[in-house]
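# Notes for the structure review
Take a look at the letters that make up each chain.
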Amino acid sequence: MTIEAEAVSVVIDGRPIVHQASLVCEPGTMTALVGPSGCGKTTLLHCLGLLQQPTSGRVLVDGVDTTNWKAGQRRRFWKDSGAFVLQDYGVMEEESVAFNVVMKSSIFGSRVLGNQTSLNEALELTGLSGRDNELSAHLSGGEKQRLSIARAIYKNAEAVFVDEPTASLDEANRTRVIELFRNLASRGCVVIVATHDDEMMAACDTRHSLTRPAEQPLPATAGVVHGAL
Ligand SMILES: Nc1ncnc2c1ncn2[C@@H]1O[C@H](COP(=O)(O)OP(=O)(O)OP(=O)(O)O)[C@@H](O)[C@H]1O
Ligand SMILES: [Mg+2]
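Criteria and cut-off values
- Residues numbered from 1 in each chain as written.
- Chains lettered and ligands numbered in written order.
- Predicted model: local features only at pLDDT ≥ 70, side-chain atom pairs only at ≥ 80, totals over all residues.
- Heavy atoms only, no water.
- Helix = DSSP H or I, 4+ residues; strand = E, 2+ residues; numbered from the N terminus.
- Buried < 20%, exposed > 50% of the residue type's maximum accessible area, 1.4 Å probe, protein only.
- Contact = heavy atoms within 4.5 Å.
- Areas by Shrake-Rupley, 256 points an atom, 1.4 Å probe, with all protein chains shown as cover.
- Core = buried A, V, L, I, M, F, W, Y, C linked by side-chain atoms within 4.5 Å.
- pLDDT = per-residue confidence, 0-100.
- Phe/Tyr/Trp six-rings, centres within 6.5 Å; stacked < 30°, edge-to-face > 60°.
- Near = heavy atom within 4 Å.
- Polar contact = N/O pair within 3.5 Å; in protein donor to acceptor, adjacent residues only side chain to side chain.
- Nonpolar A, V, L, I, M, F, W, Y, C, P; charged D, E, K, R; others polar.

Helix and strand counts for the protein chain stand at 7 helices and 9 strands. Counting across all 229 residues of the protein chain, residues that qualify as buried make up 47%. Residue pairs in contact within the protein chain that sit at least 24 positions apart in sequence constitute 69% of those at least 6 positions apart. Surface accessibility of the protein chain: about 11,700 Å² in total, with carbon and sulfur atoms responsible for 51%.

Have a look at this one:
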């Protein structure tokens, strides 16, 4: 799946947050959104994942303009094609590990439905084998992060949107998580990652740098407190 931004700008409360971002993210590749804190990486990632509507510009999915997509079309995109690994992990804490991967259970109880082989594969790849029935709330931050990656692997997502995936991880887990995303890309998935991490950036095929849109110019007298000296 190809995800594309065409001159995407976001203005919030009159403040420019993202200015005219244009990029093309191809299937089978990893794209890093990089830049200093507050430059709009998360905001642009949310626009690309159709979680947020740009103020101007367009986001295209496989060449189709999504600007006027109805809620149902967006939901279908999230359900069928997209997966998110966001800063709060997007894990349902009160549910089991297995449910969080498969997202389907029997209405007559807590039995998790879905494909057991794919579930096992996703848990094995993310180092969570055998933990199917554990309550997700009991996982560590890094494990919750890997759990949300397991969900993307299980559903065979075509597009994965990732926010700062390595921020809270130690070296070994950082390398492992980066390998998981590379693995998704090698299956043909388009992976888009907002990141500060050099190792993650190096693993990406392309980088899109954001700069803070120019702040309002300060008045000439700014900083001068009359009579202070
Ligand atoms: N809903 C909102 N309302 C007001 N301001 C917002 C909103 N969303 C984002 N912003 C502002 O937009 C700017 C960019 O935020 P964003 O989270 O996209 O930055 P970032 O590049 O991801 O930063 P970081 O590297 O710290 O995660 C910030 O100054 C933030 O306060
Ligand atoms: Mg951010």
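Attention shifts here to the nonpolar core. One finds Met-30, Val-101, Val-160, Phe-181, Leu-184 and Val-191 to be the most contacted residues of the largest nonpolar core, which totals 39 residues. What Val-191 contacts, discounting residues up to four positions off in sequence, is Thr-29, Met-30, Thr-31, Val-160, Val-162, Phe-181, Leu-184 and Ala-185. Counting residues in hydrophobic clusters, the runner-up holds 29 residues, among them Val-18, Cys-39, Leu-45 and Phe-84.

Another point: the confidence of the model for the protein chain. Put simply, the protein chain has an average pLDDT of 88, and 89% of its residues get 70 or more. Of the regions scoring below 50 in pLDDT, residues 216–229 engages in 0 contacts with residues more than four places distant in sequence or in other chains.

Now for the packing of aromatic side chains. One pass over the structure, following the stated rule, counts 2 aromatic pairs. On the basis of an interplanar angle of 20° and a centroid distance of 5.1 Å, the ring pair of Phe-84 and Phe-161 is categorised as stacked. Placement of the pair is Phe-84 in strand S6 (residues 82–85) and Phe-161 in strand S7 (residues 159–163), with a sequence separation of 77 residues. With a relative accessible area of 17%, Phe-84 lands in the buried category. By relative accessible area, Phe-161 is classed as buried at 0%. Through a chain of ring-to-ring contacts, three or more aromatic side chains come together here, namely Phe-77, Phe-84 and Phe-161.

A few words now on the site of ligand 1. Arg-15, Ser-37, Gly-38, Lys-41 and Thr-43 are the nearest of the 13 residues found near ligand 1. Contact between ligand 1 and Thr-42: an oxygen atom at 2.8 Å from a side-chain N or O atom of the residue. Within the side chain of Thr-43, an N or O atom sits 2.6 Å from an oxygen atom of ligand 1. In the complex, 61% of the free accessible area of ligand 1, which totals 630 Å², lies under the protein chains. Of all the secondary-structure elements, those providing two or more residues to the shell around ligand 1 are strand S2 (15–25) and helix H1 (41–48). Residue contributions to the shell around ligand 1 peak at 3 residues, all from H1. Among the residues forming the shell around ligand 1, the class breakdown is 4 nonpolar, 6 polar and 3 charged.

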